[in-house]
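These are the residues of each chain, in order.
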Amino acid sequence: MHNNLKLFTELAEFLISEEKNNPVATPIDTSKLYETLNLSLDDEPTIDEDFIKTLKDIIKSTPKTASTSFFNQLFGGRIDRATLGDLLAVMLNNSMYTYKVAGPQVGIEKTILHKICDMIGYPKTADGTFAPGGSMSNYMAVLMARDKYNPKARTEGITNKMTLYTSEASHYSIAKNASFIGVGRDQVRAIKTNDKGEMLSSHLDQQIQIDKDQGYQPFFVNATAGTTVLGAFDDVKSISKVCKKYGLWLHLDGAYCGAVIFSEAYKHLVNGIELTDSFSVNAHKMLGTPLSCSVIVTQNKEHLKKSFSNEAEYLYQTNDDEFNLGKTSIQCGRRNDALKLWTLWKSVGNKGLEKIVDHQFNLAKFARNYITNHPDYTLYSFDDSISVCFNYKDIPANTLCTALYEQSQLMVGFGNFKNQEFVRMVTINSILKKEDITNFFKTIEKFVISSENLIN
Ligand SMILES: *Cc1c(COP(=O)(O)O)cnc(C)c1O
(Lines give C-alpha, C1' and ligand atoms only; values in the text may rest on other atoms or scores of the structure.)
Protein backbone atom coordinates (compact mmCIF):
# COMPACT_ATOMS: atom_id res chain seq x y z
CA MET A 1 0.00 0.00 0.00
CA HIS A 2 2.88 2.31 0.79
CA ASN A 3 4.01 2.15 -2.83
CA ASN A 4 0.50 2.68 -4.03
CA LEU A 5 0.23 5.88 -2.00
CA LYS A 6 3.36 7.13 -3.68
CA LEU A 7 1.95 6.21 -7.07
CA PHE A 8 -1.31 7.89 -6.15
CA THR A 9 0.52 11.12 -5.32
CA GLU A 10 2.38 10.94 -8.61
CA LEU A 11 -0.86 10.44 -10.57
CA ALA A 12 -2.65 13.19 -8.63
CA GLU A 13 0.17 15.60 -9.41
CA PHE A 14 0.03 14.59 -13.06
CA LEU A 15 -3.72 15.30 -13.06
CA ILE A 16 -3.21 18.72 -11.49
CA SER A 17 -0.62 19.69 -14.08
CA GLU A 18 -2.91 18.48 -16.88
CA GLU A 19 -5.74 20.59 -15.44
CA LYS A 20 -3.50 23.64 -15.74
CA ASN A 21 -1.86 22.92 -19.08
CA ASN A 22 -4.69 21.17 -20.93
CA PRO A 23 -7.81 22.33 -19.10
CA VAL A 24 -10.08 20.91 -21.80
CA ALA A 25 -8.91 17.42 -22.72
CA THR A 26 -8.91 16.61 -26.42
CA PRO A 27 -12.10 14.61 -26.82
CA ILE A 28 -11.74 11.11 -28.24
CA ASP A 29 -14.43 10.23 -30.75
CA THR A 30 -16.49 7.33 -29.37
CA SER A 31 -15.77 5.31 -32.53
CA LYS A 32 -12.03 5.53 -31.74
CA LEU A 33 -12.14 5.13 -27.94
CA TYR A 34 -11.10 1.47 -27.73
CA GLU A 35 -8.29 1.82 -30.25
CA THR A 36 -6.94 5.04 -28.69
CA LEU A 37 -6.71 3.85 -25.08
CA ASN A 38 -5.63 0.46 -23.81
CA LEU A 39 -8.80 -0.37 -21.85
CA SER A 40 -8.94 -4.10 -22.55
CA LEU A 41 -8.91 -6.71 -19.79
CA ASP A 42 -6.65 -9.64 -20.60
CA ASP A 43 -5.58 -13.03 -19.23
CA GLU A 44 -2.06 -11.90 -18.40
CA PRO A 45 -1.19 -9.22 -15.81
CA THR A 46 0.05 -5.84 -17.01
CA ILE A 47 3.59 -4.89 -16.09
CA ASP A 48 3.82 -1.82 -13.86
CA GLU A 49 5.35 0.44 -16.45
CA ASP A 50 2.51 -0.18 -18.93
CA PHE A 51 -0.07 0.01 -16.18
CA ILE A 52 1.15 3.45 -15.09
CA LYS A 53 1.41 4.69 -18.66
CA THR A 54 -2.14 3.55 -19.38
CA LEU A 55 -3.40 5.30 -16.26
CA LYS A 56 -1.72 8.53 -17.36
CA ASP A 57 -3.20 8.23 -20.85
CA ILE A 58 -6.64 7.82 -19.30
CA ILE A 59 -6.15 10.77 -16.95
CA LYS A 60 -5.01 12.93 -19.87
CA SER A 61 -8.15 12.20 -21.87
CA THR A 62 -10.66 12.40 -19.04
CA PRO A 63 -12.69 15.65 -18.86
CA LYS A 64 -11.20 17.98 -16.22
CA THR A 65 -14.10 19.01 -14.03
CA ALA A 66 -11.85 20.94 -11.65
CA SER A 67 -10.27 23.10 -14.35
CA THR A 68 -11.02 26.79 -14.86
CA SER A 69 -12.63 25.92 -18.22
CA PHE A 70 -15.37 23.65 -16.91
CA PHE A 71 -18.83 25.27 -16.81
CA ASN A 72 -20.79 22.35 -18.17
CA GLN A 73 -22.95 21.15 -15.33
CA LEU A 74 -24.05 21.85 -11.83
CA PHE A 75 -20.77 20.90 -10.17
CA GLY A 76 -17.10 21.64 -10.65
CA GLY A 77 -13.88 22.65 -8.99
CA ARG A 78 -12.08 20.99 -6.14
CA ILE A 79 -12.18 22.10 -2.53
CA ASP A 80 -9.18 20.46 -0.93
CA ARG A 81 -10.61 19.92 2.53
CA ALA A 82 -13.61 18.10 1.07
CA THR A 83 -11.46 15.98 -1.24
CA LEU A 84 -9.29 15.07 1.72
CA GLY A 85 -12.33 13.76 3.57
CA ASP A 86 -13.41 11.64 0.61
CA LEU A 87 -9.94 10.17 0.19
CA LEU A 88 -9.96 9.25 3.87
CA ALA A 89 -13.39 7.68 3.49
CA VAL A 90 -12.01 5.47 0.73
CA MET A 91 -9.08 4.37 2.89
CA LEU A 92 -11.27 3.75 5.95
CA ASN A 93 -13.84 1.93 3.81
CA ASN A 94 -16.67 1.62 6.33
CA SER A 95 -20.23 0.75 5.53
CA MET A 96 -22.66 3.14 7.16
CA TYR A 97 -25.34 0.60 8.07
CA THR A 98 -24.29 -0.13 11.67
CA TYR A 99 -22.45 1.55 14.50
CA LYS A 100 -20.45 -1.64 14.95
CA VAL A 101 -18.93 -1.25 11.49
CA ALA A 102 -18.81 2.55 11.10
CA GLY A 103 -18.18 3.74 14.68
CA PRO A 104 -17.70 7.51 14.99
CA GLN A 105 -18.48 7.95 11.29
CA VAL A 106 -22.11 7.45 12.31
CA GLY A 107 -21.78 10.42 14.67
CA ILE A 108 -20.31 12.49 11.83
CA GLU A 109 -23.29 11.73 9.61
CA LYS A 110 -25.81 12.40 12.38
CA THR A 111 -24.11 15.68 13.33
CA ILE A 112 -24.49 16.99 9.78
CA LEU A 113 -28.11 15.87 9.50
CA HIS A 114 -29.15 17.37 12.83
CA LYS A 115 -27.34 20.61 12.11
CA ILE A 116 -29.16 20.98 8.78
CA CYS A 117 -32.51 20.16 10.42
CA ASP A 118 -31.84 22.86 13.05
CA MET A 119 -30.76 25.43 10.48
CA ILE A 120 -33.96 25.09 8.47
CA GLY A 121 -36.22 25.21 11.51
CA TYR A 122 -37.33 21.57 11.60
CA PRO A 123 -38.42 20.25 15.04
CA LYS A 124 -36.51 17.82 17.29
CA THR A 125 -38.39 14.90 15.74
CA ALA A 126 -36.67 15.56 12.41
CA ASP A 127 -33.95 13.39 10.91
CA GLY A 128 -32.49 12.43 7.57
CA THR A 129 -30.00 10.35 5.67
CA PHE A 130 -27.50 10.50 2.82
CA ALA A 131 -28.85 9.22 -0.49
CA PRO A 132 -26.82 8.28 -3.59
CA GLY A 133 -27.57 11.62 -5.29
CA GLY A 134 -30.33 14.19 -5.63
CA SER A 135 -32.52 11.97 -7.80
CA MET A 136 -32.50 9.33 -5.07
CA SER A 137 -33.16 11.94 -2.37
CA ASN A 138 -36.26 12.94 -4.32
CA TYR A 139 -37.14 9.26 -4.61
CA MET A 140 -36.94 8.80 -0.84
CA ALA A 141 -39.16 11.85 -0.32
CA VAL A 142 -41.90 10.72 -2.68
CA LEU A 143 -41.76 7.19 -1.29
CA MET A 144 -42.24 8.45 2.28
CA ALA A 145 -45.19 10.50 1.08
CA ARG A 146 -46.71 7.52 -0.75
CA ASP A 147 -46.49 5.41 2.40
CA LYS A 148 -47.96 8.16 4.57
CA TYR A 149 -51.02 8.64 2.36
CA ASN A 150 -51.38 5.02 1.32
CA PRO A 151 -49.95 2.94 4.19
CA LYS A 152 -50.89 -0.33 2.52
CA ALA A 153 -48.77 0.44 -0.54
CA ARG A 154 -45.70 -1.01 1.14
CA THR A 155 -47.24 -4.44 1.64
CA GLU A 156 -50.06 -4.71 -0.90
CA GLY A 157 -48.91 -2.37 -3.65
CA ILE A 158 -50.62 0.70 -5.03
CA THR A 159 -54.38 0.47 -5.34
CA ASN A 160 -55.42 4.15 -5.27
CA LYS A 161 -55.20 6.50 -8.23
CA MET A 162 -52.58 8.81 -6.72
CA THR A 163 -51.32 12.03 -8.36
CA LEU A 164 -48.31 14.25 -7.77
CA TYR A 165 -47.36 17.75 -8.80
CA THR A 166 -44.17 19.46 -9.92
CA SER A 167 -43.38 22.41 -12.16
CA GLU A 168 -42.63 21.96 -15.84
CA ALA A 169 -39.14 23.38 -15.07
CA SER A 170 -38.34 20.77 -12.42
CA HIS A 171 -35.84 17.93 -12.59
CA TYR A 172 -36.67 14.83 -14.64
CA SER A 173 -36.13 12.57 -11.62
CA ILE A 174 -39.63 13.44 -10.38
CA ALA A 175 -41.24 11.64 -13.34
CA LYS A 176 -38.76 8.77 -13.15
CA ASN A 177 -39.46 8.32 -9.43
CA ALA A 178 -43.22 8.31 -10.02
CA SER A 179 -42.69 5.19 -12.11
CA PHE A 180 -40.38 3.62 -9.48
CA ILE A 181 -42.96 3.99 -6.69
CA GLY A 182 -45.71 2.40 -8.75
CA VAL A 183 -47.77 5.57 -9.15
CA GLY A 184 -46.77 6.01 -12.79
CA ARG A 185 -45.44 8.82 -14.93
CA ASP A 186 -48.88 9.61 -16.30
CA GLN A 187 -49.96 10.66 -12.83
CA VAL A 188 -47.35 13.45 -12.65
CA ARG A 189 -48.97 16.84 -13.29
CA ALA A 190 -46.67 19.43 -14.87
CA ILE A 191 -47.54 22.77 -13.29
CA LYS A 192 -47.02 25.91 -15.36
CA THR A 193 -44.34 28.45 -14.49
CA ASN A 194 -44.13 32.24 -14.74
CA ASP A 195 -41.61 34.07 -16.98
CA LYS A 196 -38.82 33.36 -14.51
CA GLY A 197 -39.49 29.63 -14.37
CA GLU A 198 -41.14 29.67 -10.92
CA MET A 199 -44.11 27.39 -10.28
CA LEU A 200 -47.53 29.09 -10.44
CA SER A 201 -49.35 28.16 -7.25
CA SER A 202 -52.64 29.29 -8.79
CA HIS A 203 -52.28 26.63 -11.49
CA LEU A 204 -51.24 24.10 -8.84
CA ASP A 205 -54.42 24.79 -6.88
CA GLN A 206 -56.63 24.45 -9.99
CA GLN A 207 -54.99 21.22 -11.10
CA ILE A 208 -55.36 19.59 -7.67
CA GLN A 209 -59.06 20.50 -7.62
CA ILE A 210 -59.57 19.03 -11.09
CA ASP A 211 -57.90 15.77 -10.04
CA LYS A 212 -59.93 15.52 -6.85
CA ASP A 213 -63.13 16.07 -8.82
CA GLN A 214 -62.12 13.21 -11.11
CA GLY A 215 -61.56 10.80 -8.23
CA TYR A 216 -57.77 10.92 -8.00
CA GLN A 217 -55.89 11.07 -4.71
CA PRO A 218 -53.41 14.00 -4.83
CA PHE A 219 -50.62 13.34 -2.30
CA PHE A 220 -47.31 15.05 -3.13
CA VAL A 221 -46.03 18.40 -4.37
CA ASN A 222 -42.41 18.95 -5.37
CA ALA A 223 -41.08 22.51 -5.22
CA THR A 224 -37.58 23.33 -6.49
CA ALA A 225 -34.84 25.52 -5.01
CA GLY A 226 -32.78 26.16 -8.11
CA THR A 227 -34.38 24.70 -11.23
CA THR A 228 -31.98 22.74 -13.37
CA VAL A 229 -31.88 25.13 -16.35
CA LEU A 230 -32.63 28.66 -15.08
CA GLY A 231 -31.77 28.20 -11.40
CA ALA A 232 -35.17 29.57 -10.38
CA PHE A 233 -36.59 29.29 -6.84
CA ASP A 234 -40.21 28.26 -6.41
CA ASP A 235 -42.14 30.28 -3.83
CA VAL A 236 -42.27 27.82 -0.94
CA LYS A 237 -44.68 29.87 1.18
CA SER A 238 -47.40 30.19 -1.42
CA ILE A 239 -47.02 26.55 -2.52
CA SER A 240 -47.19 25.48 1.13
CA LYS A 241 -50.56 27.24 1.49
CA VAL A 242 -51.97 25.12 -1.31
CA CYS A 243 -50.49 21.97 0.24
CA LYS A 244 -52.05 22.82 3.62
CA LYS A 245 -55.42 23.50 1.99
CA TYR A 246 -55.53 19.99 0.48
CA GLY A 247 -53.38 18.21 3.10
CA LEU A 248 -50.51 17.20 0.79
CA TRP A 249 -46.82 16.40 1.36
CA LEU A 250 -44.51 19.24 0.31
CA HIS A 251 -40.95 18.35 -0.69
CA LEU A 252 -38.34 20.98 -1.56
CA ASP A 253 -35.81 19.73 -4.10
CA GLY A 254 -32.72 21.78 -3.28
CA ALA A 255 -30.26 19.51 -5.09
CA TYR A 256 -28.90 22.44 -7.06
CA CYS A 257 -29.29 25.51 -4.82
CA GLY A 258 -30.61 24.32 -1.46
CA ALA A 259 -27.22 25.32 -0.03
CA VAL A 260 -28.52 28.92 0.12
CA ILE A 261 -29.57 27.93 3.65
CA PHE A 262 -25.95 28.65 4.61
CA SER A 263 -26.10 32.28 3.45
CA GLU A 264 -27.60 35.22 5.35
CA ALA A 265 -27.85 37.12 2.06
CA TYR A 266 -29.59 34.39 0.05
CA LYS A 267 -31.52 32.16 2.43
CA HIS A 268 -34.59 34.34 1.83
CA LEU A 269 -34.84 32.49 -1.51
CA VAL A 270 -36.16 29.48 0.43
CA ASN A 271 -38.38 31.42 2.84
CA GLY A 272 -40.93 29.05 4.32
CA ILE A 273 -38.61 26.04 4.16
CA GLU A 274 -39.66 25.13 7.73
CA LEU A 275 -43.17 24.50 6.35
CA THR A 276 -42.00 21.70 4.05
CA ASP A 277 -42.32 18.00 4.95
CA SER A 278 -38.94 17.14 3.45
CA PHE A 279 -35.95 18.92 1.96
CA SER A 280 -32.95 17.70 -0.02
CA VAL A 281 -29.65 19.33 -0.93
CA ASN A 282 -26.61 18.14 -2.88
CA ALA A 283 -23.36 19.18 -1.21
CA HIS A 284 -21.59 18.07 -4.38
CA LYS A 285 -23.20 20.96 -6.24
CA MET A 286 -22.92 24.38 -4.55
CA LEU A 287 -20.76 23.26 -1.63
CA GLY A 288 -18.21 21.72 -3.96
CA THR A 289 -17.62 18.34 -2.28
CA PRO A 290 -16.72 15.43 -4.56
CA LEU A 291 -19.64 13.45 -6.05
CA SER A 292 -21.83 12.33 -4.60
CA CYS A 293 -23.01 13.92 -1.39
CA SER A 294 -26.76 14.29 -1.12
CA VAL A 295 -28.76 14.93 2.03
CA ILE A 296 -32.49 14.31 2.54
CA VAL A 297 -34.19 15.41 5.77
CA THR A 298 -37.77 15.10 6.92
CA GLN A 299 -39.84 16.66 9.73
CA ASN A 300 -40.48 13.35 11.45
CA LYS A 301 -38.02 10.46 11.46
CA GLU A 302 -40.92 8.01 11.77
CA HIS A 303 -41.49 8.49 8.03
CA LEU A 304 -37.96 7.33 7.28
CA LYS A 305 -38.40 4.28 9.50
CA LYS A 306 -41.82 3.40 8.13
CA SER A 307 -40.61 3.43 4.54
CA PHE A 308 -37.06 2.14 4.81
CA SER A 309 -36.56 -0.10 7.83
CA ASN A 310 -36.37 -3.83 7.55
CA GLU A 311 -35.49 -6.37 10.21
CA ALA A 312 -32.31 -8.28 9.46
CA GLU A 313 -30.91 -10.43 12.22
CA TYR A 314 -27.66 -11.08 10.37
CA LEU A 315 -26.98 -7.34 10.23
CA TYR A 316 -28.37 -5.48 13.24
CA GLN A 317 -26.73 -7.32 16.12
CA THR A 318 -25.52 -4.57 18.42
CA ASN A 319 -26.31 -1.07 19.61
CA ASP A 320 -29.26 1.19 19.69
CA ASP A 321 -30.99 1.50 16.31
CA GLU A 322 -30.62 5.27 16.57
CA PHE A 323 -27.00 4.55 15.63
CA ASN A 324 -27.69 1.80 13.10
CA LEU A 325 -28.24 4.01 10.09
CA GLY A 326 -29.17 1.09 7.83
CA LYS A 327 -32.66 1.31 9.32
CA THR A 328 -33.32 4.57 7.50
CA SER A 329 -31.40 4.20 4.25
CA ILE A 330 -32.23 3.01 0.78
CA GLN A 331 -29.15 0.80 0.42
CA CYS A 332 -27.77 -1.98 2.57
CA GLY A 333 -24.00 -1.47 2.25
CA ARG A 334 -23.54 2.29 1.96
CA ARG A 335 -20.42 4.32 1.33
CA ASN A 336 -19.48 7.12 3.69
CA ASP A 337 -20.61 10.29 1.89
CA ALA A 338 -20.76 12.32 5.09
CA LEU A 339 -17.07 12.56 5.92
CA LYS A 340 -16.14 14.84 2.99
CA LEU A 341 -18.83 17.35 3.91
CA TRP A 342 -17.83 17.15 7.56
CA THR A 343 -14.10 17.75 6.88
CA LEU A 344 -15.02 20.78 4.79
CA TRP A 345 -17.57 22.16 7.26
CA LYS A 346 -15.35 21.47 10.31
CA SER A 347 -12.40 23.28 8.73
CA VAL A 348 -14.16 26.37 7.34
CA GLY A 349 -17.13 26.66 9.71
CA ASN A 350 -20.61 27.95 8.88
CA LYS A 351 -18.96 31.19 7.82
CA GLY A 352 -16.77 29.43 5.30
CA LEU A 353 -19.75 27.63 3.74
CA GLU A 354 -21.55 30.97 3.55
CA LYS A 355 -18.59 32.46 1.68
CA ILE A 356 -18.59 29.58 -0.81
CA VAL A 357 -22.29 30.17 -1.56
CA ASP A 358 -22.08 33.97 -1.71
CA HIS A 359 -19.07 33.88 -4.00
CA GLN A 360 -21.02 31.89 -6.60
CA PHE A 361 -23.80 34.49 -6.66
CA ASN A 362 -21.18 37.24 -6.96
CA LEU A 363 -19.55 35.49 -9.90
CA ALA A 364 -22.95 35.09 -11.56
CA LYS A 365 -23.70 38.79 -11.07
CA PHE A 366 -20.32 39.61 -12.58
CA ALA A 367 -21.09 37.36 -15.58
CA ARG A 368 -24.53 38.92 -16.11
CA ASN A 369 -22.93 42.39 -16.01
CA TYR A 370 -20.43 41.35 -18.62
CA ILE A 371 -23.25 40.13 -20.86
CA THR A 372 -25.46 43.20 -20.48
CA ASN A 373 -22.46 45.47 -21.15
CA HIS A 374 -21.54 43.71 -24.39
CA PRO A 375 -24.07 44.21 -27.19
CA ASP A 376 -23.17 40.97 -29.03
CA TYR A 377 -24.77 39.00 -26.19
CA THR A 378 -28.40 38.36 -25.23
CA LEU A 379 -29.19 37.48 -21.60
CA TYR A 380 -31.98 35.03 -20.68
CA SER A 381 -31.50 34.47 -16.98
CA PHE A 382 -32.41 36.47 -13.90
CA ASP A 383 -30.96 37.94 -10.70
CA ASP A 384 -30.45 35.55 -7.78
CA SER A 385 -29.46 32.66 -10.01
CA ILE A 386 -26.07 31.06 -10.58
CA SER A 387 -27.15 29.77 -14.01
CA VAL A 388 -26.12 32.41 -16.52
CA CYS A 389 -28.00 31.85 -19.77
CA PHE A 390 -27.13 33.75 -22.94
CA ASN A 391 -26.59 33.68 -26.67
CA TYR A 392 -23.68 35.21 -28.57
CA LYS A 393 -24.08 36.85 -31.98
CA ASP A 394 -27.15 34.73 -32.73
CA ILE A 395 -24.97 31.63 -33.09
CA PRO A 396 -27.13 28.60 -32.24
CA ALA A 397 -26.16 27.58 -28.70
CA ASN A 398 -25.91 23.91 -29.63
CA THR A 399 -23.44 24.67 -32.47
CA LEU A 400 -21.33 26.98 -30.32
CA CYS A 401 -21.09 24.65 -27.31
CA THR A 402 -20.26 21.62 -29.44
CA ALA A 403 -17.54 23.49 -31.37
CA LEU A 404 -16.01 24.83 -28.13
CA TYR A 405 -15.83 21.28 -26.81
CA GLU A 406 -14.52 19.65 -29.98
CA GLN A 407 -11.81 22.29 -30.30
CA SER A 408 -10.78 21.93 -26.62
CA GLN A 409 -11.72 25.51 -25.73
CA LEU A 410 -14.38 25.28 -23.02
CA MET A 411 -16.79 22.82 -21.47
CA VAL A 412 -20.20 24.49 -21.37
CA GLY A 413 -23.69 23.22 -22.10
CA PHE A 414 -26.94 24.58 -23.47
CA GLY A 415 -30.50 24.52 -22.29
CA ASN A 416 -33.88 25.84 -23.23
CA PHE A 417 -36.84 27.51 -21.66
CA LYS A 418 -40.14 28.43 -23.30
CA ASN A 419 -38.80 27.63 -26.79
CA GLN A 420 -35.60 29.65 -26.48
CA GLU A 421 -32.31 27.77 -26.69
CA PHE A 422 -29.25 29.32 -25.02
CA VAL A 423 -25.82 28.65 -23.59
CA ARG A 424 -26.02 27.87 -19.87
CA MET A 425 -22.82 28.63 -17.99
CA VAL A 426 -22.86 27.86 -14.30
CA THR A 427 -20.79 29.75 -11.72
CA ILE A 428 -20.83 26.84 -9.29
CA ASN A 429 -17.07 26.42 -8.99
CA SER A 430 -16.27 28.57 -5.96
CA ILE A 431 -12.52 28.32 -6.59
CA LEU A 432 -12.92 30.53 -9.68
CA LYS A 433 -12.16 34.23 -9.68
CA LYS A 434 -13.68 37.06 -11.69
CA GLU A 435 -10.75 36.85 -14.13
CA ASP A 436 -11.76 33.28 -14.93
CA ILE A 437 -15.24 34.49 -15.83
CA THR A 438 -13.87 37.26 -18.04
CA ASN A 439 -11.57 34.70 -19.60
CA PHE A 440 -14.57 32.48 -20.35
CA PHE A 441 -16.20 35.21 -22.44
CA LYS A 442 -12.93 36.28 -24.10
CA THR A 443 -12.32 32.65 -25.10
CA ILE A 444 -15.71 32.51 -26.82
CA GLU A 445 -15.13 35.82 -28.60
CA LYS A 446 -11.66 34.86 -29.86
CA PHE A 447 -12.85 31.43 -30.87
CA VAL A 448 -15.75 32.80 -32.90
CA ILE A 449 -13.46 35.21 -34.78
CA SER A 450 -10.90 32.50 -35.55
CA SER A 451 -13.46 29.94 -36.64
CA GLU A 452 -15.97 32.08 -38.52
CA ASN A 453 -16.32 29.39 -41.20
CA LEU A 454 -16.71 26.57 -38.78
CA ILE A 455 -19.59 28.19 -37.00
CA ASN A 456 -21.46 29.82 -39.88
C1 LIG B 1 -28.93 17.85 -10.08
C2 LIG B 1 -30.36 17.89 -9.71
C3 LIG B 1 -31.02 16.73 -9.29
C4 LIG B 1 -30.38 15.38 -9.38
O5 LIG B 1 -29.30 15.20 -8.54
P6 LIG B 1 -28.27 14.00 -8.87
O7 LIG B 1 -27.34 14.04 -7.70
O8 LIG B 1 -27.62 14.35 -10.16
O9 LIG B 1 -29.07 12.75 -8.95
C10 LIG B 1 -32.30 16.84 -8.84
N11 LIG B 1 -32.94 18.03 -8.82
C12 LIG B 1 -32.34 19.16 -9.24
C13 LIG B 1 -33.09 20.45 -9.19
C14 LIG B 1 -31.03 19.13 -9.72
O15 LIG B 1 -30.44 20.24 -10.17
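This is a predicted model, so every value here is computed, not measured.

Rules used in this analysis
- Residues numbered from 1 in each chain as written.
- Predicted model: local features only at pLDDT ≥ 70, side-chain atom pairs only at ≥ 80, totals over all residues.
- Heavy atoms only, no water.
- Salt bridge = Lys/Arg side-chain N within 4 Å of Asp/Glu carboxyl O.
- Buried < 20%, exposed > 50% of the residue type's maximum accessible area, 1.4 Å probe, protein only.
- Helix = DSSP H or I, 4+ residues; strand = E, 2+ residues; numbered from the N terminus.
- Pairing = 2+ DSSP bridges.
- Axes fitted to C-alpha atoms, helices over the stretch in contact; angles between N-to-C directions.
- Parallel < 35°, antiparallel > 145°, perpendicular 65-115°, else oblique.
- Left-handed = near helix turned anticlockwise from the far one by under 90°.
- Contact = heavy atoms within 4.5 Å.
- Domains from an automatic or database assignment.
- Buried area = accessible area lost by both parts, 1.4 Å probe.

Caption draft 1: Broad picture of the pattern of salt bridges. With the rule as written, the count across this model stands at 22 salt bridges. A salt bridge links D147 to R146, with the shortest nitrogen-to-oxygen separation between them at 2.9 Å. Classification of D147 by relative accessible area gives buried; the value is 10%. D205 is the partner of K245 in a salt bridge, and the nearest nitrogen-oxygen pair spans 3.0 Å. With a gap of 40 residues between them, K245 in helix α11 (residues 236-246) and D205 in helix α10 (residues 201-213) connect regions that are remote in the sequence. Sharing partners across several salt bridges, the network here consists of K110, K301, E302, K305 and E322.

Caption draft 2: Representation of the pairing of strand β11 (residues 411-417) in the model. Burial runs high along β11: 5 of the 7 residues are buried. Two strands pair when backbone bridges link them, and strand β1 (residues 70-71) and β11 are joined in this way by 2 bridges, in the parallel orientation. Considered in β11, the bridge of F71 is made with V412. Across 5 bridges, β11 lies against strand β12 (residues 420-426) in antiparallel orientation. The residue of β12 that forms the bridge with G415 is F422. Connecting the antiparallel pair β11 and β12 is a turn made up of 2 residues, with K418 showing a positive phi of about 45°.

Caption draft 3: Structural context of the packing of helix α6 (residues 104-119) against helix α13 (residues 338-373). Axis separation between α6 and α13 bottoms out at 9 Å; the angle between their running directions is 60°. Comparing the axis directions of α6 and α13 gives the class oblique. Crossing hand, α6 versus α13: left-handed. Taking contact as the criterion, the partners of Q105, I108, E109, I112, K115, I116 and M119 in α6 are, on α13, A338, L339, L341, W342, W345 and N350.

Caption draft 4: Representation of the domain arrangement of the protein within the structure. According to the domain assignment, the protein contains domain 1 (2-67), domain 2 (84-343) and domain 3 (358-455). For domain 2 and domain 3, the distance between their C-alpha centroids amounts to 31 Å. If you look at the interface, domain 2 gives 21 residues, while domain 3 gives 21 residues. A combined buried area of about 1,600 Å² lies between domain 2 and domain 3, and 60% of that area is made up of carbon and sulfur atoms. The tally of links between domain 2 and domain 3 comes to 1 salt bridge. Between E168 and K418 there is a salt bridge, with its nearest N and O atoms 4.0 Å apart.

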